Structures are given as C-alpha cells and as structure tokens.
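Chains, contacts and geometry: an overview
Spelled out, the chains give:
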Amino acid sequence: MKILVLNGPNLNMLGIRRPEIYGIDTLDAINTYLKKKFPDLDLEFFQSNSEGEVINRLHFAHKSYQGVVINPGAWSHYSIALRDAVESCILPVIEVHLSNIAAREDFRHISVISPVAEGTISGFGRYSYVLALQAMVDRLSKKEK
C-alpha cells in the first residue's frame, strides 16, 4: 500500500513552535517514527506552507497512491479551496491534528475539512498519525476484499 502523508503550514516548525501544544518531535522525527512503525507501507511525506502545492498533490494523488493522510494545520479552519480538493479526491482521505482542536481557541473548533474527510483524528500528538494510518490500512484492506 502506498499512502501519501501531507502536512500543511507551519508543521515544518514542529519541535520549535509551541512544544507545550505540539510536542518536541520535529516533522522529520515523526516521519521517521512512522516509517519504522509501518515498515510494510510505502509512505511518502510532503509538507508545504503553500496551499496550492498541497492542493496539487491531492489532485494527482490517485495516480500514485491508495490513500491520503493530511494534517492541514491552520487551513483546516478556513480553506474552502483545500476542502474542495479533499472532496474531489477519489481516494480515502483522513484528517489528523497533533492537538485536540476542540479543546483550543474557539476559532480552531471548526474544521471545514472534516465533513469531506473519511474521518478525523486529533489530540494524540504523533500518535494521531499512527491511528490514521492504522485506520487507512484497515479501510483499504476491506476495500480490496
């Protein structure tokens, strides 16, 4: 199984930016952890602070991948363009967040991505990605049968 893991704005600053909320792991450390945790998966990682680059990856994901895990970061709360790209993606897409967005500032409580994603996992730090990948593997395994 080949799965694309997309990360949005400011996630390149993990380990530096607000470690009390996002933890001390860098994005590279999380990616390495996921590769070790899922050695049988073909994981490709992409992070960008440019919304169009992430949207382009979603538009063409079906050509190379079976599923997408995305941490849209702040775009979760306002990006209709990203929402539309997730909605138009013919692959299953799972939204993840390191922090529990429902327990944070009011403006973070709503995700415009969640209604069009297969599911949303938040609040478990790097383990949010693990749960999302486990769910994706289960979803894709059932689809193949």
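Above this text is the structure in question.
Here the structure is a predicted model, which is why all the values come from computation and not from measurement. Throughout this description, residue numbers start from 1 for each chain and increase along the sequence as written. Local features in this predicted model are restricted to residues of pLDDT 70 or higher, and side-chain atom pairs are both shown and tallied only at a pLDDT of 80 or more, whereas totals for entire chains, interfaces and linings draw on every residue. Hydrogens are left out, water is left out, and the side-chain values use all remaining heavy atoms of the structure.

As for the packing of aromatic side chains
Aromatic contacts are taken between Phe, Tyr and Trp rings whose centres are within 6.5 Å, Trp giving its six-membered ring; a plane angle under 30 degrees counts as stacked, one over 60 as edge-to-face, and the others as tilted. Scanning all chains against the criterion turns up zero aromatic pairs. Charge-over-ring contacts are defined here by two conditions on Lys NZ or Arg CZ: a distance within 6 Å of the ring centre and an angle within 35 degrees of the ring normal. The ring centre of Phe-46 lies 3.7 Å from the NZ or CZ of Arg-57, which sits over that ring. In this structure, Arg-126 is placed above the aromatic ring of Tyr-33, and the distance from its NZ or CZ to the ring centre is 3.6 Å.

Here we look at the sheet that holds strand 2 (residues 42-47)
By this definition, two strands are paired if DSSP reports at least two bridges between them. Helical segments are the DSSP runs of H or I of at least four residues, strand segments are the runs of E of at least two, and each set is numbered from the N terminus. Pairing is parallel in the open sheet, where five strands are placed in the order 2-1-3-4-5. Because the sheet does not close on itself, it has two edges, and the strands there are strand 2 and strand 5 (119-122). Within the sheet, the average angular offset between the axes of one strand and its neighbour, ignoring direction, is 20 degrees. The pairing of strand 1 (residues 2-7) with strand 3 (residues 67-71) spans five bridges and is classified as parallel. If you follow Ile-3 over to strand 3, its bridge partner there is Gly-67. Whether two residues touch is decided by their heavy atoms; if any such pair falls within 4.5 Å, the residues are in contact. Every axis in this analysis is a line fitted to C-alpha atoms, fitted for helices over the stretch in contact. Angles between the N-to-C directions lie between 0 and 180 degrees. Helix 2 (residues 27-37) contacts strand 1 and strand 2 of the sheet and is inclined by roughly 170 degrees relative to strand 2. Against the sheet, helix 3 (residues 51-60) contacts strand 1, strand 2 and strand 3, and its axis sits at roughly 165 degrees relative to strand 1.

Here's the deal with the packing of helix 3 against helix 4 (residues 80-88)
Their axes nearest at 9 Å, the elements helix 3 and helix 4 cross at an angle of 10 degrees. On the basis of their axis angle, the class for helix 3 and helix 4 is roughly parallel. Contacts from Glu-51, Val-54, Ile-55, Leu-58 and His-59 of helix 3 reach helix 4 at Ala-81, Leu-82, Ala-85, Val-86 and Ser-88. Polar here means any residue other than Ala, Val, Leu, Ile, Met, Phe, Trp, Tyr, Cys and Pro, which are nonpolar, and Asp, Glu, Lys and Arg, which are charged; Gly is therefore polar. Split by residue class, the contact of helix 3 with helix 4 holds seven nonpolar, two polar and one charged. Oblique is the label for every angle not falling under 35 degrees (roughly parallel), over 145 degrees (roughly antiparallel), or within 65 to 115 degrees (roughly perpendicular).

Considering the pattern of salt bridges
Here, a salt bridge means any Lys or Arg side-chain nitrogen found within 4 Å of an Asp or Glu carboxyl oxygen. The full count for this structure, using the stated rule, is six salt bridges. In this structure, Arg-126 engages Asp-25 in a salt bridge whose closest nitrogen and oxygen atoms are separated by 3.8 Å. With Arg-126 in the loop between strand 5 and helix 5 (127-144) and Asp-25 in the loop between helix 1 (19-22) and helix 2, this pair connects stretches of sequence that are 101 residues apart. Taking relative accessible area as the criterion, Arg-126 reaches 32% and is therefore assigned partly exposed. Residue Arg-83 pairs with Asp-84 through a salt bridge whose shortest N-O separation is 3.8 Å. Given a relative accessible area of 22%, Arg-83 falls into the partly exposed group. Residue Asp-84 is classed as partly exposed on the basis of its relative accessible area of 38%. Here the salt bridges share partners, and the residues they tie into one network are Arg-83, Asp-84 and Glu-87. Partly exposed describes any residue whose relative accessible area lies between the buried limit of under 20% and the exposed limit of over 50%, with all areas from a 1.4 Å probe on protein chains only and scaled to the type maximum.

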